[in-house]
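Each chain, written out:
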Amino acid sequence: MAPPRSFLWTRRIVLALLAGFVLLPVYVMVSSSLKPLEDVTGRFEWIPSTVTLRPYADIWETIPLADYFANSIVVAGAATVLSVAVAVFAAYAVSRYSFRGKRVFTVTVLSTQMFPGILFLLPLFLIYVNIGNATGLALFGSREGLILTYLTFSLPFSIWMLTGYFDAIPRELDEAAKVDGCGPIGALFRVIVPAARPGIVAVAVYAFMTAWGEVLFASVMTDDTTRTLAVGLQGYSTQNDVYWNQVMAASLVVSVPVVVGFLLLQRYLVAGLTAGAVK
């Protein structure tokens, strides 16, 4: 039975309003990034009177944006790889084996997501400084320290999500792999990981997004050489002026990796996020 016309028109109107709500800020960013600074700081014009690509060239000279970009890629990429690798093994152990304290472990892992990040800022700062003083291992102000920090934030949710995904995979597949001569590790990589690819992709996207846009810890745990994009964009604001056209241009440029990655992995991401709802 076809839905009534009133429902169809209501849905179209609501979707059009939501699309406008989402696309309007994007249009403001794009139009502002194509204007000279004096046009951006003046009265806003929906159609730019002067269009220039100069802000897209100036963003690399006003601040060391390329260095910040490289730092973000290294930190977010390493945190993602480590988070997925550790979560796969941990989730497989929780899903396939019974051990004392299993229930407590899973509840504790998930409960860590209830605490705000700022609660861990000072303890992590003191831990990194004391480790550096005692061992000479420079975690504070380094990429390695920031990678370890982001790993601790993304890992609990990654383990919890992959555990639910592994639980949905029939155990008969493990038994069939063992009959063919595979051990637990062989069954994991030859059977479970290929079957859980959507869930693993969803975890990887979550870990990458968590590290890519994080500001609080990146502003404290980094210095001028290890600063990431989320913090480095503040460099377009000086005591005398704010280069709004360059801010908009840089924001669009740094969004490209995330948007492209999401478009390429969209079908895996949707399947991974909805797996728990349909199992």
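What counts and what doesn't
- Residues numbered from 1 in each chain as written.
- Predicted model: local features only at pLDDT ≥ 70, side-chain atom pairs only at ≥ 80, totals over all residues.
- Heavy atoms only, no water.
- Helix = DSSP H or I, 4+ residues; strand = E, 2+ residues; numbered from the N terminus.
- Rg over C-alpha atoms; globule rule 2.2 N^0.38 Å.
- Buried < 20%, exposed > 50% of the residue type's maximum accessible area, 1.4 Å probe, protein only.
- Salt bridge = Lys/Arg side-chain N within 4 Å of Asp/Glu carboxyl O.
- Core = buried A, V, L, I, M, F, W, Y, C linked by side-chain atoms within 4.5 Å.
- Contact = heavy atoms within 4.5 Å.
- Patch = residues over 30% accessible without salt bridge, like charges linked within 9 Å, V, L, I, M, F, W, Y side chains within 5 Å.
- Areas by Shrake-Rupley, 256 points an atom, 1.4 Å probe, with all protein chains shown as cover.
- Phe/Tyr/Trp six-rings, centres within 6.5 Å; stacked < 30°, edge-to-face > 60°.
- Expected span 1.5 Å × (residues − 1).
- Arc of directions from axis to C-beta.
- Axes fitted to C-alpha atoms, helices over the stretch in contact; angles between N-to-C directions.
- Parallel < 35°, antiparallel > 145°, perpendicular 65-115°, else oblique.
- Left-handed = near helix turned anticlockwise from the far one by under 90°.
- Nonpolar A, V, L, I, M, F, W, Y, C, P; charged D, E, K, R; others polar.

Peer 1: Hey, could you run me through the overall build of the protein in this one?
Peer 2: Looking only at helices and strands, the protein features 14 helices and zero strands. The order of helices and strands in the protein, counted from the N terminus, is α-α-α-α-α-α-α-α-α-α-α-α-α-α. Relative to the compact-globule value of 19 Å for 279 residues, the protein shows a C-alpha radius of gyration of 23 Å, a clear excess of over 25%. Expressed along its principal axes, the backbone C-alpha trace of the protein runs to roughly 75 × 70 × 35 Å. When each of the 279 residues of the protein is scored for burial, the buried share is 35%.

Peer 1: For this particular structure, what's the right way to read the pattern of salt bridges?
Peer 2: When the charged atoms of two side chains with opposite charge come close together, those side chains can pair. Enumeration over the complete set of coordinates arrives at three salt bridges. Here Arg-96 ties to Asp-174 by a salt bridge, and the two come within 3.1 Å at their closest N and O atoms. With a gap of 78 residues between them, Arg-96 in helix 4 (residues 65-96) and Asp-174 in helix 8 (residues 171-179) connect regions that are remote in the sequence. Overall, the relative accessible area of 13% leaves Arg-96 in the buried class. Between Arg-227 and Asp-224 there is a salt bridge whose closest N-O contact spans 2.7 Å.

Peer 1: It is not clear to me how the nonpolar core should be interpreted in this structure. Could you clarify?
Peer 2: Burial of nonpolar side chains together is a common tendency in soluble globular proteins. Residues Ile-59, Leu-65, Tyr-150, Met-221, Leu-229 and Tyr-236 are the most contacted members of the largest nonpolar core, which totals 30 residues. Of all elements in the fold, only helix 4, helix 6 (121-135), helix 7 (143-167), helix 10 (197-212), helix 11 (216-221), helix 12 (229-232) and helix 13 (244-264) reach the threshold of two or more residues within this core. Not counting residues within four places of it along the chain, the set of residues in contact with Met-221 comprises Leu-121, Leu-124, Phe-125, Tyr-128, Phe-140, Gly-141, Ser-142 and Leu-146.

Peer 1: Hey, could you run me through a nonpolar patch on the surface in this one?
Peer 2: Together, Leu-24, Tyr-27, Phe-44, Trp-46 and Ile-47 line one region of the surface with nonpolar side chains, adding up to about 540 Å² of accessible area. Examined against the element boundaries, Tyr-27 turns out to sit in helix 1 (residues 5-33). Look at Tyr-27 and you get partly exposed, because its relative accessible area is 36%.

Peer 1: Help me out: how do you make sense of the packing of aromatic side chains in this one?
Peer 2: Tallied over the full model, the rule gives 11 aromatic pairs. Seen from their ring centres, Phe-125 and Phe-140 are 5.1 Å apart, and the 85° between their planes marks the pair as edge-to-face. Pair noted here: Phe-125 is in helix 6 and Phe-140 is in the loop between helix 6 and helix 7, with a separation of 15 residues, a long-range link. A relative accessible area of 36% places Phe-140 in the partly exposed class. With a centroid separation of 4.6 Å and 50° between ring planes, the pair formed by Phe-157 and Tyr-206 is classed as tilted.

Peer 1: Honestly, the environment of Phe-7 in this entry has me stumped. Any pointers?
Peer 2: Here Phe-7 is to be found in helix 1. Judged by relative accessible area, Phe-7 falls into the partly exposed class, the value being 44%.

Peer 1: I'm lost on the side chain of Thr-228 in this one. Help?
Peer 2: Along the chain, Thr-228 turns up in the loop between helix 11 and helix 12. Given a relative accessible area of 5%, Thr-228 falls into the buried group. In contact with Thr-228, not counting residues within four places along its chain, are Tyr-68, Asn-71, Ser-72, Leu-146 and Ala-218.

Peer 1: Could you clarify how one ought to interpret helix 9 (residues 184-195) in this entry?
Peer 2: Residues lying three or four places apart along an α-helix face the same way, a consequence of the helix completing one turn every 3.6 residues. The end-to-end C-alpha separation of helix 9 is 15 Å, in line with the 16 Å expected for 12 residues at 1.5 Å each. For helix 9, the set of buried residues is Ala-187, Leu-188 and Ile-192. When helix 9 is viewed along its axis, its buried side chains cluster within an angular range of 100° and face the same direction. Of the surrounding elements, those touching the buried residues of helix 9 are helix 4, helix 7 and helix 8.

Peer 1: Quick question: what am I supposed to make of the packing of helix 7 against helix 10 here?
Peer 2: Between two packed helices, what matters for the description is the angle formed by their axes and the separation of those axes. Look at helix 7 against helix 10: their axes get within 10 Å of each other, and the N-to-C directions meet at 160°. As far as their axial angle goes, helix 10 and helix 7 are roughly antiparallel. When the axes of helix 7 and helix 10 are compared, the crossing they make is right-handed. On helix 10, the residues that touch Tyr-150, Phe-153, Ser-154, Phe-157, Ser-158, Met-161, Leu-162 and Tyr-165 of helix 7 are Pro-198, Gly-199, Ile-200, Ala-202, Val-203, Tyr-206, Ala-207 and Ala-211. In the contact of helix 7 with helix 10, the residues fall into 13 nonpolar, three polar and no charged.

Purely geometric stuff here, so don't read any function into it on its own.
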